[in-house]
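The chain contents come next:
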Amino acid sequence: MKEIKKFFKEIKKYFHNPVKEIKNIQDYDVTLIGVIAVLLIIGLYFSISVTPVLAKIRYGYSHYSFLMKHILFMFAGCICFIFTAFCVDYNILKNKKIKWVILGVTIFLLVLVLVHGKNTNGATRWIALGPFTLQPSEFAKLTFAIMVVDFLSKKKDILKDISNIIVPIIYLVVFCILIALQRDLGTIVFIGLIWLILLNLSGLRFIIIFLISMVLGSVATLLIFTQKYRVKRIMDYGKSVFDFTKASDNVQIAAGAFGSGGIFGKLNTDVRLQLPEMHTDFIFPVIGEEWGLVGVLFLCSLFIILLHRALKISKNCKDLFGKLLSFILGAMILIQASINMGMSIGLLPTKGMPLPFISYGGSSMIYSLLAMGILVNISKNGRKKHYG
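Residues numbered from 1 in each chain as written. Predicted model: local features only at pLDDT ≥ 70, side-chain atom pairs only at ≥ 80, totals over all residues. Heavy atoms only, no water.

Student: Any chance you could explain the overall build of the protein here in plain terms?
Tutor: A tally of regular secondary structure across the protein gives 15 helices and three strands. Relative to the 2.2 N^0.38 estimate, which gives 21 Å for 388 residues, the radius of gyration of the protein is 21 Å and therefore close to what a compact globule would have. Its C-alpha atoms put the protein at 60 × 50 × 40 Å along the principal axes. Burial status across the protein gives 51% buried among its 388 residues. For the protein, restricting intrachain contacts to residue pairs at least 6 apart in sequence, the fraction spanning at least 24 positions comes to 75%. (Helix = DSSP H or I, 4+ residues; strand = E, 2+ residues; numbered from the N terminus. Rg over C-alpha atoms; globule rule 2.2 N^0.38 Å. Buried < 20%, exposed > 50% of the residue type's maximum accessible area, 1.4 Å probe, protein only. Contact = heavy atoms within 4.5 Å.)

Student: Looking at this structure, how should I read the nonpolar core?
Tutor: General note: in soluble globular proteins, nonpolar side chains tend to be found buried as a group. Core analysis: the biggest nonpolar cluster contains 106 residues, and Leu299, Leu325, Phe357 and Met372 have the highest contact counts within it. Setting aside anything within four residues of it in sequence, one finds Met372 in contact with Ile36, Phe81, Leu306, Leu329, Ile333 and Phe357. (Core = buried A, V, L, I, M, F, W, Y, C linked by side-chain atoms within 4.5 Å.)

Student: Where do I start with helix H13 (residues 283-316) in this structure?
Tutor: Residues spaced three or four apart along an α-helix face the same direction, because each turn holds 3.6 residues. The end-to-end C-alpha distance of H13, which contains 34 residues, comes to just 35 Å, noticeably less than the 50 Å that a straight helix rising 1.5 Å per residue would cover. Residue Gly292 marks the point of greatest curvature in H13, where the axis turns by about 125 degrees. (Expected span 1.5 Å × (residues − 1). Bend = angle between axes of the 7 residues up to and from the residue.)

Student: Sorry if this is basic, but what is going on with the layout of surface pockets here?
Tutor: Taken as a whole, the second largest pocket encloses approximately 590 Å³ of empty space. Contributing to the lining of the second largest pocket are 22 residues, with Phe83, Thr84, Leu93, Ile102 and Leu370 lying nearest its centre. If you list the elements that add at least two residues to the lining of the second largest pocket, you get helix H4 (65-87), helix H5 (96-116), helix H6 (136-153) and helix H15 (362-381). The element that contributes the greatest number of residues to the lining of the second largest pocket is H5, accounting for six residues. Along the lines of polarity and charge, the residues of the lining of the second largest pocket split into 18 nonpolar, three polar and one charged. (1 Å grid on protein atoms, 1.4 Å probe; cavity = no way out; pocket = protein on both sides within 12 Å on 5 of 7 lines; lining within 4 Å. Points joined across faces, edges and corners; volume = space filled by probe spheres on them. Nonpolar A, V, L, I, M, F, W, Y, C, P; charged D, E, K, R; others polar.)

Student: Got a minute to help me understand the side chain of His70 in this structure?
Tutor: Looking at where His70 falls in the secondary structure, it is placed in helix H4. The residues contacting His70, other than those within four sequence positions of it, are Gly43, Leu44, Ser47, Ile358, Ser359, Tyr360 and Met365.

Student: How do you make sense of the packing of helix H14 (residues 320-344) against H15 when you look at a structure like this?
Tutor: Two numbers describe a pair of packed helices, the interaxial angle and the distance between the axes. Following both chains from N to C, one finds H14 and H15 inclined at 145 degrees, their axes separated by 10 Å at the closest point. In this structure, H14 meets H15 at a crossing whose hand is left-handed. Residue-level inspection shows Gly322, Leu325, Ser326, Leu329, Met332, Ile333 and Gln336 of H14 in contact with H15, the latter providing Ser364, Tyr367, Ser368, Ala371, Met372, Ile374, Leu375 and Ile378. For the contact of H14 with H15, a count of residues per class yields 10 nonpolar, five polar and no charged. (Axes fitted to C-alpha atoms, helices over the stretch in contact; angles between N-to-C directions. Left-handed = near helix turned anticlockwise from the far one by under 90°.)

Student: It is not clear to me how unusual backbone geometry should be interpreted in this structure. Could you clarify?
Tutor: Among all residues save glycine, negative phi is the norm, and among peptide bonds the norm is trans. Positioned with a positive phi, Arg183 is a non-glycine residue whose angle comes to about 60 degrees. Note on placement: Arg183 falls in the loop between helix H7 (166-180) and helix H8 (185-201). The class of Arg183 is partly exposed, set by a relative accessible area of 23%. A positive phi angle, near 70 degrees, is found at Phe357, a position not held by glycine. Mapping Phe357 onto the fold places it in the loop between H14 and H15. Classification of Phe357 as buried rests on a relative accessible area of 1%.

Student: Is there a simple way to explain the environment of Ile165 in this structure?
Tutor: If you trace the backbone, Ile165 turns up in the loop between H6 and H7. Residues Ile165 and Leu32 lie 133 residues apart in sequence; the distance between their C-alpha atoms is 32 Å.

Laid out in structure tokens, this is it:
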């Protein structure tokens, strides 16, 4: 009991009055908050636009079942955003006990999904929670970034001692094995990219990073050949590079819908209804169809502004942990958005990965808003000066 009281006394200093913090919102990066709000509004708009007819015609649900869930996901995500942005100082993540609690819970969930997970299309990635599902691998991305950043921020001499990357390698191997057992290659590749970026930011020589990349690429290739559907996706993508008519039917439909929007967009429900998972992985072609090139450029600019604000926050942060974490959080959102956009119109091999803040999906929404809440928090509690 004494240890528990000591623990709560230890972390009490990290908590703030959210009402007081929100009243002084000008101390935070207001531009970043505005960008996140606009992205959420766009996501809500397209959920209203596509899910009612989708729910009824394709799945036989009530018209507004998906929409109501999307609103609920947004609400839950915004609560998480307010908590990480205004209620608790990001420096709590450097607390040893908090750090291991987060890691322990994440590992537990990754193991739990293997034991009691819901199997969908041959993959076991979701834990059923009544009418909802939880995808632990989404939160694993954030936990992985925090753990690696925490370690690297304490090893400023990584250039002098190559053994300093052993612990990050252990993190990578453990997370990738648990996620590979869920048959989620996309998240493994994503985590690998984040890992390499962090090693580069920590000053590891390019030649070493290149050699590590070759090893990781070889492992990813082996994982591809363990599943026939993965091989087919890569083969279809390879053929489409030289002749787009040989791309998979789903990609051709998505690209056709995306291009049909022209400059200013149009509404064509018949085309979008042919899109696979148009409310989740293939929401980007719907945006291209309805808003056209202008809307697509506007959406892309929002993600670029988000990264720019993350870079600004990183630059002005006074400690290395905050610098690395703020940069990688912004990079994670932009990389995921880029992968989603690229695969949904045939520029990358197809892979189920939601468009942050836009796609329907609770785990992705909550993870993205948790991450952005931390980033907003760093904009005040880690800065050297106010933001303009």
